[in-house]
Structure formats: C-alpha cells, structure tokens
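Examining the three-dimensional arrangement
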Amino acid sequence: MLRVLTAGESHGPELVAIMEGLPSGVPVSLDAIRADLARRKLGYGRGSRMKFEDDELNLSGGVRHGLSLGSPIALRIGNTEWPKWVEVMNPEPTELSERSRGRGAALTRPRPGHADLVGMQKYDFDEARPILERASARETAARVALGAIARSFLSELGIRLVSHTLSIGPVQVPEGAELPGPDDVDALDADPLRCFDPATSERMVAEVDAAKKDGDTLGGIVEVLAYGLPPGLGSHVHWDRRLDGKLAQALMSVQAIKGVEVGDGFETTRRRGSAAHDELFATEGGITRASDRAGGTEGGMSTGTVLRVRAGMKPIATIPHALRTVDVATGETAAAHHQRSDVCAVPASGVVAEAMVAIVLADAVLEKFGGDSIRETRRNLETYLAAIPETLKTTPASEAALLAHDLA
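Here's what I pulled together on the structure shown here. (Residues numbered from 1 in each chain as written. Predicted model: local features only at pLDDT ≥ 70, side-chain atom pairs only at ≥ 80, totals over all residues. Heavy atoms only, no water.)

1. Description of the overall build of the protein chain
Our working definition: Secondary structure elements are defined from DSSP: runs of H or I of at least 4 residues count as helices, runs of E of at least 2 residues count as strands, and each element is numbered from the N terminus. Note on method: radius of gyration uses C-alpha positions; expected globular size equals 2.2 Å times residues raised to 0.38. To sort residues, take the accessible area from a 1.4 Å probe on protein chains only and compare it with the maximum for the residue type: under 20% means buried, over 50% means exposed, and anything in between is partly exposed.
Scanning the protein chain for helices and strands turns up 14 helices and 17 strands. Taken against the 2.2 N^0.38 rule, which gives 22 Å for 408 residues, the C-alpha radius of gyration of the protein chain at 23 Å falls within 12% of a compact globule. Its C-alpha atoms give the protein chain principal-axis dimensions of roughly 75 × 50 × 40 Å. Residues classed as buried in the protein chain amount to 46% of the 408 residues present.

Following this line, the structure appears as structure tokens:
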C-alpha cells in the first residue's frame, strides 16, 4: 500500500513530503518533478506570488541514480521567501523586530470561505496565522511533487494521465468537445487556461479580465483523464475500498474543491435509466461499451475504459473588495484581512487534481498487484490480464464498431 504525508507551512522554511510503499526501480527525476511544480504555477489570472516564490527541490532519501530503492522517498521543497518570515514563523520564541512587526501582526479578522475562524475555534488560537499557514494551498506543491513520482510509476505500466479545464465561471467547453490525450499535455500547458478548446479559452480569458477589473475572483471545473487502466482496480465489497470513493475523497481534500463527479456524474441524474448506462455488445476484439457515461468505473471498480473524474473549485475567497467579517479582538464587524491572491487558480487546480488522481491510482495498482520492484508489479499485471477468459475480455470501441452497433 502506498502512503503519503506532507508537512510544512505556507511561509515556513520548506515543505516536506514522504512517500512510502513505492516499489524499487521506478524512475524518479528531479527535473520531471520540477517541471510539474512549474506547471502548478501556470494559468491566466495567477497572482504575483507565483512569479517571485521559487520551489527549491531536494531529495533526502529513497532514490539512487535516478531509480527508487523501495524505501521511503523524502522530498524537501524550500521556500525562497523564508528570509522575510524567519522571525514571524520561527519555531523558537522570537521577539519581532521593527521590520517584522507589520508582517507578524495578529490576524484577528478571519476571512469568510477560509479555514480561519473554524480553525481558531478547533485549535484554541486567538488569531488566524497558525491556521492559514497550514490551510494555505501552498501545501499542494508537496502533493504535486509526490504526484509526479506516482505518475512515473503508472507510466511504467502503460497508464498515462492528463488534466484540462472544462469551465471558468459561466464559460464552459461545449458538450461533446474532443477530449485531450496524454500527448496533448504540452499543448494544454501552453494555453493560458489549460483549455483544449481554443475558442472557449479565449472566452475564458475575457471572463478572467472582467473579474479582475471588478476586483473579484472566479472558480471553475477541471477534469482528469487516465488512459490505460486495467479493469478491476478498487472493489465493490467494502465502502472504503471503492475506487470512485477514494478518488472523491482525494479530490475533495484539495483546497477550495467543493464538488467531485465521475463520468457524466450529475448529468446522468437528469437522464432516464434507458439513457443513463453504458450498454455492452460483442465485437471481434471482445466486449465493448456502447458509450462512456460511467467515466471508467462501475461498482467501485475500474472498467478498463478511460477514467474521467471532475473537480469543481469555488472562487478564491481572498477578494480585493474584502468581505465582511467580525474582528474577534473587538467583537465588531470589520473588513476581512486581504492578502495578495489570484483572480483565478482553476488551471493550477487541474495540475493538483492530476497529482491526487495519480497517487490514488498508484495505490490502487499496488493494492491489486503488489510487488517490491516495478518488474514484479508489471509481471503481476500482465499475468492478471492474460488470465481473464476470452469471453470476459473488454476492448475500447472503434468508431466503426459503434456505428455498426447503432445501425443495428
């Protein structure tokens, strides 16, 4: 089983990430992880912090000569802004100097939509700094780094992932638009909103510009696609072993994500049963699904078709026109604290969602196939697929086969 853990605060010296349970022999490249950390900063509408805060990546253990050892992998992501926060975030009791007094002032006006107030109640703090430092989306840098390693493991087994933006505010990709494939990642990253439909992307840019002009923020929906999954990851036998349940939990754990759906999700609830499910029919290559409304899972297990899972991100709660709150030091109504923020971080949330899906799928693969080395895992996977009886084998449908089925 794969276990991951992150530690560190937004303005602390570094983030720490640990992954335990990865087999030996998996390629682990610092450059590849750095590339994903850079992708996390992409997107039209990002704030100034993305420009001046660098991620200083270091590997502390678990990798030798570019390959995993089978022991826990430990990563450190240094914060280049740490020198400005040494006094404010020092682990030792420290007297604030004049230059740090403003930065270290007590944050007694909790921001609506953030963890500030509830965290203060739960952990018995009289100001929000100890809460917002860990609740910050800065923590997702550690997840993205671990996700890059998980994706490398999956790619060794022929499983490839891609994420893209489906909507920004009210602007949506048209229904039935072409889905991106794993080879389209560079093209997606080159788009300002990581949207695969150029016309929609232009409208998204205009929507971001309008929100920025109004001093407001935007949310949206991202989709993660996984190609090459075998059937049978996850299980129907217990609630906590269902693959779709694990995916939903992982994605809902990402900061600002408020909704998750697999496949056509909520749209399927508006259909009658006769139009909601993926019918099966026989082809020369095996059993084929006539459609892909389920999005790659049935009964809590992967079907072997393309996995489609979507995550909805709420608008960022740190708004230039600060929302009303209560100053807990005085008990009076006040304007919430406003720190620099993004107008829209949806494209970056797609990269984070991709990392979380990679981690969940890597764990599901190891649960199903095990292996102390990547060669053993691959061998187990190949043996499993070869053992499926011919009468039960499934295959993706070709357009010609689907057309013939529809005509019949």
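Okay, back to it.
2. Topic: the pattern of salt bridges
Any two side chains of opposite charge can pair, given that their charged atoms come close. We apply this condition: One speaks of a salt bridge when a side-chain nitrogen belonging to Lys or Arg is within 4 Å of a carboxyl oxygen belonging to Asp or Glu.
Across all of its chains, the model carries 29 salt bridges by this definition. A salt bridge links Asp363 to Lys246; the shortest N-O distance between them is 3.9 Å. Of this pair, Asp363 sits in helix H12 (residues 346-369) while Lys246 sits in helix H10 (residues 243-252); the two residues are 117 residues apart in sequence, bridging distant segments of the chain. Across the pair, Lys246 and Asp363 agree in class, each one buried. A salt bridge links Asp264 to Arg308, with the shortest nitrogen-to-oxygen separation between them at 2.9 Å. Placement of Asp264 in the loop between strand E10 (257-262) and helix H11 (265-269) and of Arg308 in strand E15 (residues 307-313) is noted, with a sequence separation of 44 residues between them.

3. Thoughts on the packing of H12 against helix H13 (residues 374-387)
The following threshold applies: A fitted line through C-alpha atoms represents every axis, and for helices the fit uses only the stretch in contact; the resulting angles, taken between N-to-C directions, go from 0 to 180 degrees. Under this scheme an angle from 65 to 115 degrees is roughly perpendicular, one under 35 degrees roughly parallel, and one over 145 degrees roughly antiparallel; angles in between are oblique. Residues are treated as being in contact if the distance between any of their heavy atoms lies within 4.5 Å. Residue polarity follows a fixed list, in which Ala, Val, Leu, Ile, Met, Phe, Trp, Tyr, Cys and Pro are nonpolar, Asp, Glu, Lys and Arg are charged, and the others, Gly among them, are polar.
Viewed as axis vectors pointing N to C, H12 and H13 meet at an angle of 70°, and their least axial separation amounts to 10 Å. Taken together, the axis directions place H12 and H13 in an arrangement best described as roughly perpendicular. Mapping the contact onto sequence places Val365, Leu366, Lys368 and Phe369 in H12 and Thr377, Asn380, Leu381 and Tyr384 in H13. For the contact of H12 with H13, the class distribution of residues is five nonpolar, two polar and one charged.

4. Some details on unusual backbone geometry
Trans peptide bonds make up most of the peptide bonds, and negative phi angles are found at most residues other than glycine. Even without glycine at this site, His65 takes up a positive phi of about 55°. With respect to the helices and strands, His65 occurs in the loop between strand E4 (63-64) and strand E5 (67-68). Despite not being glycine, Asp124 has its phi angle at roughly 65°, a positive value. On the secondary structure map, Asp124 appears in the loop between helix H5 (116-123) and helix H6 (129-135). Residue Asp124 is classed as exposed on the basis of its relative accessible area, which comes to 70%.

5. As for the sheet that holds strand E8 (residues 171-172)
To keep it simple, the criterion reads: Note on pairing: two strands pair once DSSP finds at least 2 bridges between them.
Ordered in space as E8-E7-E9-E15-E10, the five strands form an open sheet in which the pairing is antiparallel. If you trace the sheet from one side to the other, it starts and ends with E8 and E10, each paired once. In the sheet, strand E7 (residues 160-168) pairs with strand E9 (residues 220-227) via eight bridges, with the strands oriented antiparallel. The residue bridging Ile168 from the neighbouring strand is Gly220, located in E9. In this fold H10 packs onto E10 and E15, with an angle of close to 155° to the strand it touches most, E10.

6. A look at the side chain of Asp363
You can call Asp363 buried: its relative accessible area is 11%. Sequence-distant contacts of Asp363, that is, excluding residues within four places in its chain, are made with Met1, Leu2 and Lys246.

7. A few points about H13
Keep this limit in mind: Multiply 1.5 Å by the residue count of a helix minus one, and that product is the helix's expected span. Regarding the arc, it is the one traced by the directions from the helix axis to the C-beta atoms.
The end-to-end C-alpha separation of H13 is 20 Å, in line with the 20 Å expected for 14 residues at 1.5 Å each. Where H13 is concerned, the buried positions are Ile374, Thr377 and Leu381. Down the axis of H13, the smallest arc covering the buried residues is 65°, so these residues share one side. In H13, the exposed residues that point more than 90 degrees away from the buried face are Arg375, Thr383, Ala386 and Ala387. Along its buried surface, H13 packs onto helix H7 (140-155) and H12.

8. Quick notes on the sheet that holds strand E2 (residues 14-20)
As summarised here, the arrangement of the four strands in space is E1-E2-E6-E3, forming an open sheet in which the pairing is antiparallel. Sheet topology places strand E1 (3-7) and strand E3 (55-61) at the edges, where each strand pairs with a single neighbour. Shown here is a sheet whose adjacent strand axes are inclined to one another by a mean of 15°, direction ignored. Relative to strand E6 (residues 73-79), E2 runs antiparallel, the two being bridged by six bridges. From the neighbouring strand, Glu14 faces E6, where its bridge partner is Gly78.

9. Topic: H5
Taken residue by residue, H5 has Asp116, Gly119 and Met120 as its buried positions. Taken around the axis of H5, the buried residues stretch over an arc of 100°, which confines them to a single face. Away from the buried face of H5 by more than 90 degrees, exposed residues Val118, Gln121 and Lys122 are located. Asp124 lies just past H5 and shows a positive phi near 65°.

10. Quick word on the packing of aromatic side chains
Two numbers describe a pair of aromatic rings. These are the distance of the centres and the angle of the planes. Our working definition: Note on ring pairs: Phe, Tyr and Trp rings are taken, using the six-membered ring of Trp, and paired if centres are within 6.5 Å. Classes follow the plane angle, with under 30 degrees stacked, over 60 edge-to-face and the rest tilted. Either the NZ atom of lysine or the CZ atom of arginine qualifies as a charge over a ring when it sits within 6 Å of the ring centre and within 35 degrees of the ring normal.
Within this structure, the stated rule accounts for one aromatic pair. Sitting over the face of the ring of Trp85, Arg103 holds its NZ or CZ atom 5.0 Å from the ring centroid. Sitting over the face of the ring of Tyr123, Lys122 holds its NZ or CZ atom 5.4 Å from the ring centroid.

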